[in-house]
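Now for the letters of each chain:
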Amino acid sequence: MRDVRSIMNIFIVPGERGDLYSVNDVPHGTVSKVWYHSRSLGADRRMTVYLPAGYEDSGPRRYPVLYLLHGMGGDEDAWPTLGRAAQILDNLIASGKAEPMIVVMPNGNAALPSAPGEGPSGLVQPTSDLLKTKDGSYEASFPEIISYVDSHYRTVRKSSGRAIAGLSMGGFHSFHISKEYPGTFGYVGLFSAAVRSLEDSSNPIYSDSDAKLAAQFRDGVSLYYIAIGEDDFLYEENRVLRSYLDTHGYPYEYHESSGGHIWRNWRIYLADFVQKIF
């Protein structure tokens, strides 16, 4: 499988977590590659959408939505392939350990509309050094994704029915998106998040963090989930974030695992997080 510009071999060992990541004899959800138009970014853009088993035959039932974001250099194909997101959701929902939910996995690279080879630019060379990944444009455009999802799927259209989570750069995006739009997400997951500094910036998306976080927690967050490996190079950034939250009395749930900045951990965090939301 491709991870940014590397090709990786994945071996799923039967038993325990391996069973969770496997295709088992359970009802399966539907995974679609969906295009939506972003007026602010001036392009049609691609995302992956997981619908839980039975969605198509469930009549008027509405479902909560998890917006699941990838890391730097990744794209809308990362969580469905390397993250085994559909298999994890299928198995946990079938066992009653997770609520049936829609999972939206957008392309977080504002400069590119899609994964390499899946858009009008053709097979562009994958790289982790992309423009406009942390300039605020993706965060500013995110309400367009929510609007598209709410208008095309039977969603629970309130904060109690929305979660946002991401790994590394996706954690950076989740951190800023969730505080930029207080009252939008009832659940936030930061997996090995590149939170950087909480200091103000000239960029309006990243500025005034104190006031934005205060508004976010004042409006109510049912779960603020932070997870990272003890050997992760972003460990210190996450320690600073936890210290900040502690100082201000903002509640969060913290999980520390072995290992570093690797998919093995992010699959674990996803499986844990989805059992705690909705």
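1. Considering helix α3 (residues 85–94)
Item 1. Of all 10 residues that make up α3, 9 are buried, and the element is covered over most of its length.
Item 2. The complete set of buried residues in α3 reads Ala85, Ala86, Gln87, Ile88, Leu89, Asp90, Asn91, Leu92 and Ile93.
Item 3. Phi turns positive one or two residues past the end of α3, at glycine 96, with a value near 80°.

2. Things to note about the sheet that holds strand β10 (residues 253–257)
Item 1. Pairing is mixed in the open sheet, where 8 strands are placed in the order β3-β4-β6-β5-β7-β8-β9-β10. Looking at strand neighbours, the two that pair on one side only are β3 (30–38) and β10, the edges of this open sheet. Here the strands of the sheet are splayed against their neighbours by 20° on average, with no regard to which way each runs.
Item 2. Summarising the sheet, β3 and strand β4 (residues 43–51) pair through 9 bridges and their orientation is antiparallel. Bridge pairing in β4 links serine 32 to valine 49.
Item 3. Along the sheet, helix α8 (residues 263–274) contacts β5 (65–69), β7 (162–167), β8 (187–191), β9 (223–229) and β10; its crossing angle with β9, the most-contacted strand, is approximately 160°.

3. What to know about the packing of aromatic side chains
Item 1. Inspection of every chain in the model, using the stated rule, returns 17 aromatic pairs.
Item 2. Ring-pair connections join several aromatic residues into one group, and the members of that group are Trp79, Phe191, Tyr225, Trp263, Trp266, Tyr269 and Phe273.
Item 3. A cation over an aromatic ring shows up here: lysine 134 above the ring of phenylalanine 172, its NZ or CZ 4.9 Å from the ring centre.

4. Observations regarding the layout of surface pockets
Item 1. By volume, the largest pocket amounts to about 280 Å³.
Item 2. Contributing to the lining of the largest pocket are 19 residues, with Met72, Leu167, Ser168, His261 and Trp266 lying nearest its centre.

5. Topic: the pairing of β9
Put simply, side chains in a regular strand alternate between the two faces of the sheet.
Item 1. With 7 of 7 residues buried, β9 is to be regarded as a mostly interior element.
Item 2. Residues Leu223, Tyr225, Ala227 and Gly229 line one face of β9 and the alternating positions Tyr224, Ile226 and Ile228 line the opposite face, and both faces are buried.
Item 3. The sheet contact formed by β8 and β9 spans 5 bridges and is parallel. Along β9, the bridge assignment pairs leucine 190 with isoleucine 226.
Item 4. Direction of pairing for β9 relative to β10: parallel, over a ladder of 5 bridges.

Scoring rules and cut-offs
Residues numbered from 1 in each chain as written. Predicted model: local features only at pLDDT ≥ 70, side-chain atom pairs only at ≥ 80, totals over all residues. Heavy atoms only, no water. Buried < 20%, exposed > 50% of the residue type's maximum accessible area, 1.4 Å probe, protein only. Helix = DSSP H or I, 4+ residues; strand = E, 2+ residues; numbered from the N terminus. Pairing = 2+ DSSP bridges. Axes fitted to C-alpha atoms, helices over the stretch in contact; angles between N-to-C directions. Contact = heavy atoms within 4.5 Å. Phe/Tyr/Trp six-rings, centres within 6.5 Å; stacked < 30°, edge-to-face > 60°. Lys NZ or Arg CZ within 6 Å of the ring centre and 35° of its normal. 1 Å grid on protein atoms, 1.4 Å probe; cavity = no way out; pocket = protein on both sides within 12 Å on 5 of 7 lines; lining within 4 Å. Points joined across faces, edges and corners; volume = space filled by probe spheres on them.

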